[in-house]
Amino acid sequence: LFLEATVERYEAAFVAATGDVGNPLTADKVPAFLKQLLPEWPHRFSQWNVAEVMHAFGRDGARSRQVLFSDIRKALKERASHLDHSMHDGGGGGAGGVVVVGGG
């Protein structure tokens, strides 16, 4: 349930920034994506934040020029699976570079 709510939030932010789930999220649209995803964030989103999103979700890591929603969904599912295994194994696990924003 947590994963579904998280994916839905990311999808809504993605569509708000790109116009359609099938369109790529390019670097120039990342600030709009983050603003939708994190409406309470009090600061402007910087190029560092853009690079962080590209690194976390892009197929080529930090060298990525765009992100597809399928890439985001895959990363969120992998992160959820990693968290699930860490909890069952008794380990805390690291963030692995992917920030998961839960559904409030």
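Residues numbered from 1 in each chain as written. Predicted model: local features only at pLDDT ≥ 70, side-chain atom pairs only at ≥ 80, totals over all residues. Heavy atoms only, no water.

K.L.:
Go over the overall build of the chain with me, naming the residues and quoting the values.
P.N.:
If you tally the helices and strands in the chain, you get 4 helices and 2 strands. Along the chain, helices and strands appear, N-terminal first, in the series α-β-α-α-β-α. Among the 104 residues that make up the chain, the fraction classed as buried is 31%. Across the chain, contacts joining residues at least 24 apart in sequence account for 49% of those joining residues at least 6 apart. When the accessible surface of the chain is split by element, carbon and sulfur atoms take 54% of a total near 6700 Å². (Helix = DSSP H or I, 4+ residues; strand = E, 2+ residues; numbered from the N terminus. Buried < 20%, exposed > 50% of the residue type's maximum accessible area, 1.4 Å probe, protein only. Contact = heavy atoms within 4.5 Å. Areas by Shrake-Rupley, 256 points an atom, 1.4 Å probe, with all protein chains shown as cover.)

K.L.:
Which residues make up the nonpolar core, and what are the values?
P.N.:
With 21 residues, the main nonpolar core has Tyr10, Leu25, Val30, Phe33, Phe57 and Ile72 as its most contacted residues. For this core, the secondary structure elements donating two or more residues are α1 (2-18), α2 (30-37), α3 (47-57) and α4 (69-89). (Core = buried A, V, L, I, M, F, W, Y, C linked by side-chain atoms within 4.5 Å.)

K.L.:
Describe the environment of Leu34, with residues and values.
P.N.:
By secondary structure assignment, the location of Leu34 is in helix α2. Here the alpha-carbon distance between Leu34 and Phe14, two residues 20 residues apart in the chain, equals 8.8 Å. Excluding its chain neighbours within four sequence positions, the residues that come into contact with Leu34 are Phe45, Asn49 and Val53.

K.L.:
How would you explain the environment of His55 if you had to name every residue and give the values?
P.N.:
The topology assignment puts His55 in helix α3. The contacts of His55, once residues within four sequence positions are left out, are Gly61 and Ala62.

Functional significance is not addressed by these values, which are geometric in nature.
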